[in-house]
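Secondary and tertiary structure notes
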Amino acid sequence: MMSHEQVQVLPPALSMRSVQKDAAPSPKMLVRNMNFYYGSFRALADINLEFPENQITAIIGPSGCGKSTLLRTLDRMNDLVPHARVEGEILLDGENIYAPNMDVVSVRRRVGMVFQRPNPFPKSIYDNVIYGPRLLGIRDKKVLDEIVEKSLRGSALWDEVKDKLHESGLALSGGQQQRLCIARMIAVEPEVVLMDEPCSALDPVATIKIEDLMRDLRNNYTIIIVTHNMQQAARVSDYTAMMMMRPDRAGEMIEFNKTRQIFTNPQDKRTEDYVTGRFG
Amino acid sequence: MSVIAEIKRQKRNSPWSELVRRIEHGDVIFRTLTVVAGLLVVLVTAATGFELWQNSALARAKFGLDFLTGTNWDPVIEDFGALPFLYGTIQTSIFALLIAVPIGLGIAIFLSELAPAWLRQPLGFLVELLAAVPSVIFGLWGLYVFVPSVVKPFAQFLNDNLGFLPIFQGPVFGPSRLAATLILSIMVLPTLVAISRDVFLAIPNAQREGALGLGATQWEMITQNLIPYGLSGILGAIILALGRAMGETIAVTMVIGNNLDLSASLLHPGYTMASIIANEFTEATTDLYREALIEIGLVLFALTLLVNIIARLLVWRVARRIPTEARA
């Protein structure tokens, strides 16, 4: 009986991959039959997807297909948008983050987000990093100092800023600002890291640094990245999810697989056209 | 040759091209207009100060700096001092702001962050409508409704329970500095709300999302991100409100009781610089009397100027400490 139920709830993506007998790490997050609406407009249709633990999953697809919207449902950032509504389930370690009794603040502590444009607070570098820990009630200067060093080392920014921790975070270059935002996020030790085109506002050198950083972070975090840049998806991700916009303008998931598979042997013709640059 | 290319060629080759270009583009006219408008502001301010200074020469010569500390105002023996009015103006406007700033910020935050979308427009409109009510209406309403039915019982309550504090000492009067303070706090509310709401609305959403994404509650986001981010704008709003409170004349004159009282108590009647001018300028029959009133105006003018300069410095320091423009 139980196994029957399990088979029923398996998302297409999962069943597709299990056919290929590619043993994947257990999913950290699971999206099940999710529909997303802005008022009466359906922006995402029947999304089923899993995000394997300690892996980097890239979400790719043409503009307007709902990649960012999907990403923002994963830490309930869309709660801010008036008239936004989610149907279906999004599970984090098996718990539905949209369950009525789920505390949105605790979800966001477990699922961190790095935004498209670096958005440091107009505070010092130090104060940016300890923002989250302070909210958790940590006041001890020594502990905070340690968190700052550890987080900035974790985001590969420490050496560049260790002598100016009390200068404004806004005085940094764009790439440094983005790494500051990553440090700020890993200071609260989330389990899942969402990145919404984290390099789109950065130059190539800064982009490489962020990508290297993602590979380092992968050991401790489950990373989900939205990117327009297919080379980036191919370079950094372990899994890739391909999205498209349906004729009714709702975004749908058309293929999910190991990144190598998606880029070398896509199952769907549209994926092939997209990754080979025939459109998009 | 295309039409466009032909026009361009003609324009380029015209002997008057430089002049025509400048006039056609409106550069010269526009620049002249804005420069004149800018200079006009400086000129009007300077002229006002100069006139006040010039026309108070008699009083300044007779009383000197003692005018500022003099506690008597007696037209019969022509002894004039500004202290009761200076004191009344400062006390009422500061207490008015102490009341209005938290409430105004609360309303602004509610309007920009918390209110459901359908409520924001109408509520904001109502608050702004408050600014359009003429101050004489506030004065009348204050005198006949607000003072007897709210201020007096409230003053009695304060005196009964907190009478040991100098600012709440009796006896209790209806028209009082408390009445003026409360009326002023209502009158400066729209300024505070409208400006600080716009300040909050101008804060990029990325700041909100950044804070919430790190597990901040809405309260933490507002107090630790939005208010510091908008601080210089909020300070600007407070300064404008303070300017309005210090200069407000007719409504204050109608409810403050017009008395040369110098006690600490808010419950006593008082006087402000604006009200003494409004009350007595028609009766000022002698030159010295008239010029003493003008000197009161000069003091008020200097005080507002001083407050504005201090405020500018404050805003400038805050703005320098927290750069709000990202360099990315």
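The shown structure was predicted, so the numbers you read here are calculated from the model rather than taken from an experiment.

1. Describing the overall build of chain A
- Scanning chain A from N- to C-terminus turns up 13 helices and ten strands.
- Considering only C-alpha atoms, chain A reaches an extent of 55 × 45 × 40 Å along its principal axes.
- Within chain A, contacts between residues separated by at least 24 positions form 69% of all contacts whose residues are at least 6 apart in sequence.

2. Examining the overall build of chain B
- In terms of helices and strands, chain B carries 15 helices and two strands.
- Against the globule reference of 20 Å for 328 residues, chain B gives a C-alpha radius of gyration of 26 Å, more extended than a compact globule.
- Considering only C-alpha atoms, chain B reaches an extent of 90 × 60 × 35 Å along its principal axes.
- Taken over 328 residues, chain B has a buried fraction of 35%.

3. Observations concerning the pairing of strand 4 (residues 84-92) of chain A
Residues and elements named next belong to chain A.
- Inspection of the sheet shows strand 1 (residues 27-38) paired to strand 4 by eight bridges, in the antiparallel sense. Of the residues in strand 4, the one forming a bridge with Tyr38 is Ala84.
- In the sheet, strand 4 pairs with strand 5 (residues 95-96) via two bridges, with the strands oriented antiparallel. Counted as the bridge partner of Leu92 is Glu95 from strand 5.
- The loop that links strand 4 with its antiparallel partner strand 5 comprises two residues; one of these, Asp93, has a positive phi angle of about 50°.

4. Some words on the domain arrangement of chain B
- Entries for chain B in the domain assignment read domain 1 (3-52) and domain 2 (64-321).
- The centre of domain 1 of chain B, based on its C-alpha atoms, is set 41 Å off from the matching centre of domain 2 of chain B.

5. A look at the nonpolar core
All names here are of chain B.
- Ranked by internal contacts, the top residues of the largest apolar core, which has 150 residues, are Ile183 and Leu192.
- Broken down by element, the residue count for this core peaks at 15 residues, all from helix 9 (residues 177-201).
- Once residues lying within four places of it in the same chain are set aside, the contact partners of Leu192 are Ala100, Val101, Gly104, Ala237, Ile238 and Ala241.

6. So, the interface of chain B and chain A
- Contact with chain B, which involves 20 residues of that partner, is made by 26 residues of chain A.
- Among the elements of the structure, helix 10 (205-213) and helix 11 (218-229) of chain B are those that each provide at least two residues to the side of chain B that touches chain A.
- Take the side of chain B that touches chain A: its biggest share by element is six residues, from helix 10 of chain B.
- The residue inventory of the side of chain B that touches chain A, partitioned by class, reads ten nonpolar, seven polar and three charged.

7. As for helix 10 of chain B
- Taken residue by residue, helix 10 of chain B has Gln207(B), Arg208(B), Gly210(B), Ala211(B), Leu212(B) and Gly213(B) as its buried positions.
- Summarising the contacts, the buried residues of helix 10 of chain B are in contact with helix 4 (104-110) and strand 6 (111-114) of chain A together with helix 11 of chain B.
- Where helix 10 of chain B ends, the next residue or the one after it, Gly215(B), has phi of about 90°, a positive value.

8. Remarks on unusual backbone geometry
- In this structure, the amide linkage connecting Gly170(B) to the following residue, Pro171(B), adopts the cis form with an omega of 0°.
- Examined against the element boundaries, Pro171(B) turns out to sit in the loop between helix 8 (135-162) and helix 9.
- With a phi angle near 45°, Glu189(A) is a residue other than glycine that sits in the positive phi range.
- Assessed through the 18 C-beta atoms surrounding it within 10 Å, Glu189(A) is described here as partly exposed.

9. Some thoughts on the confidence of the model for chain B
All names here are of chain B.
- With 96% of its residues at a pLDDT of at least 70, chain B reaches an overall mean of 90.
- Averaged pLDDT values over the elements of chain B bottom out at 71 in helix 2 (residues 17-25) and peak at 95 in helix 6 (residues 83-114).
- Across residues 324-328, where pLDDT falls below 50, the model places ten contacts with residues more than four positions away in sequence or in other chains.
- Both scores are given for the predicted complex: the pTM is 0.83, the ipTM 0.84.

10. Here we look at the packing of helix 8 of chain B against helix 9 of chain B
All names here are of chain B.
- At a closest axis distance of 9 Å, the pairing of helix 8 and helix 9 adopts a crossing angle of 125°. Judged by the inter-axis angle, helix 8 sits oblique to helix 9. Remark: the crossing between helix 8 and helix 9 carries right-handed chirality. For the pair helix 8 and helix 9, contact is made by Ser135, Phe138, Gly142, Phe146, Val147, Val151 and Ala155 and by Leu178, Ala179, Leu182, Ile183 and Met187, respectively.
- Here the contact of helix 8 with helix 9 is composed, by residue class, of ten nonpolar, two polar and no charged.

11. Here's the deal with the environment of Ala180(B)
Residue and element names in this part refer to chain B.
- Of note, Ala180 is situated in helix 9.
- Through-space distance from the C-alpha of Ala180 to that of Val255 is 5.8 Å; in sequence the pair is 75 residues apart.
- If we ignore the near neighbours within four places in the chain, the residues touching Ala180 are Thr92, Val252, Val255 and Ile256.

12. Comments concerning the pairing of strand 3 (residues 56-60) of chain A
Residues and elements named next belong to chain A.
- Most of strand 3 sits out of view: five of its five residues are buried.
- Side chains Ile56, Ala58 and Ile60 of strand 3 all project onto a buried face; the interleaved residues Thr57 and Ile59 project onto the opposite face, where all are buried too.
- As defined by bridge partners, strand 3 adjoins strand 8 (residues 222-226) across four bridges and the pair is classed as parallel. By the bridge assignment for strand 8, Thr57 is matched with Ile224.
- Of the pairings in the sheet, the one linking strand 3 to strand 9 (residues 239-245) comprises four bridges and is parallel in character. Following the sheet pairing, Thr57 is matched in strand 9 by Tyr239.

13. A word on the packing of helix 6 of chain B against helix 12 (residues 231-247) of chain B
Residues and elements named next belong to chain B.
- It is at 9 Å that the axes of helix 6 and helix 12 come closest, and there the two elements cross at 140°. Taken together, helix 6 and helix 12 sit at an angle that is classed as oblique. Seen from above, helix 6 lies across helix 12 with right-handed handedness. Contacts between helix 6 and helix 12 involve Thr89, Ser93, Ala96, Leu97, Ala100, Val101 and Leu105 from the former and Ile234, Ile238, Ala241, Leu242, Ala245 and Met246 from the latter.

14. Overview of the confidence of the model for chain A
Residue and element names in this part refer to chain A.
- Of the residues in chain A, 90% reach a pLDDT of 70 or more, and the chain-wide mean stands at 88.
- Mean pLDDT values over the elements of chain A span from 43, in helix 1 (residues 2-9), up to 96, in helix 5 (residues 125-129).
- When the criterion is pLDDT under 50, residues 1-21 qualifies, and its contacts beyond four places in sequence or with other chains add up to 16 contacts.

15. Structural notes on the environment of Met245(A)
Residues and elements named next belong to chain A.
- By secondary structure assignment, the location of Met245 is in strand 9.
- Of the residues examined, Met245 has 17 C-beta atoms within 10 Å and is grouped as partly exposed.
- Discounting residues that sit within four places of it in the chain, Met245 has contacts with Pro62, Gly64, Cys65 and Gly251.

Cut-offs and rules
- Residues numbered from 1 in each chain as written.
- Chains lettered and ligands numbered in written order.
- Predicted model: local features only at pLDDT ≥ 70, side-chain atom pairs only at ≥ 80, totals over all residues.
- Helix = DSSP H or I, 4+ residues; strand = E, 2+ residues; numbered from the N terminus.
- Contact = placed C-beta atoms within 7 Å.
- Rg over C-alpha atoms; globule rule 2.2 N^0.38 Å.
- Buried ≥ 20, exposed ≤ 12 C-beta atoms within 10 Å, placed from the backbone.
- Pairing = 2+ DSSP bridges.
- Domains from an automatic or database assignment.
- Core = buried A, V, L, I, M, F, W, Y, C linked by C-beta atoms within 7 Å.
- Nonpolar A, V, L, I, M, F, W, Y, C, P; charged D, E, K, R; others polar.
- pLDDT = per-residue confidence, 0-100.
- Axes fitted to C-alpha atoms, helices over the stretch in contact; angles between N-to-C directions.
- Parallel < 35°, antiparallel > 145°, perpendicular 65-115°, else oblique.
- Left-handed = near helix turned anticlockwise from the far one by under 90°.

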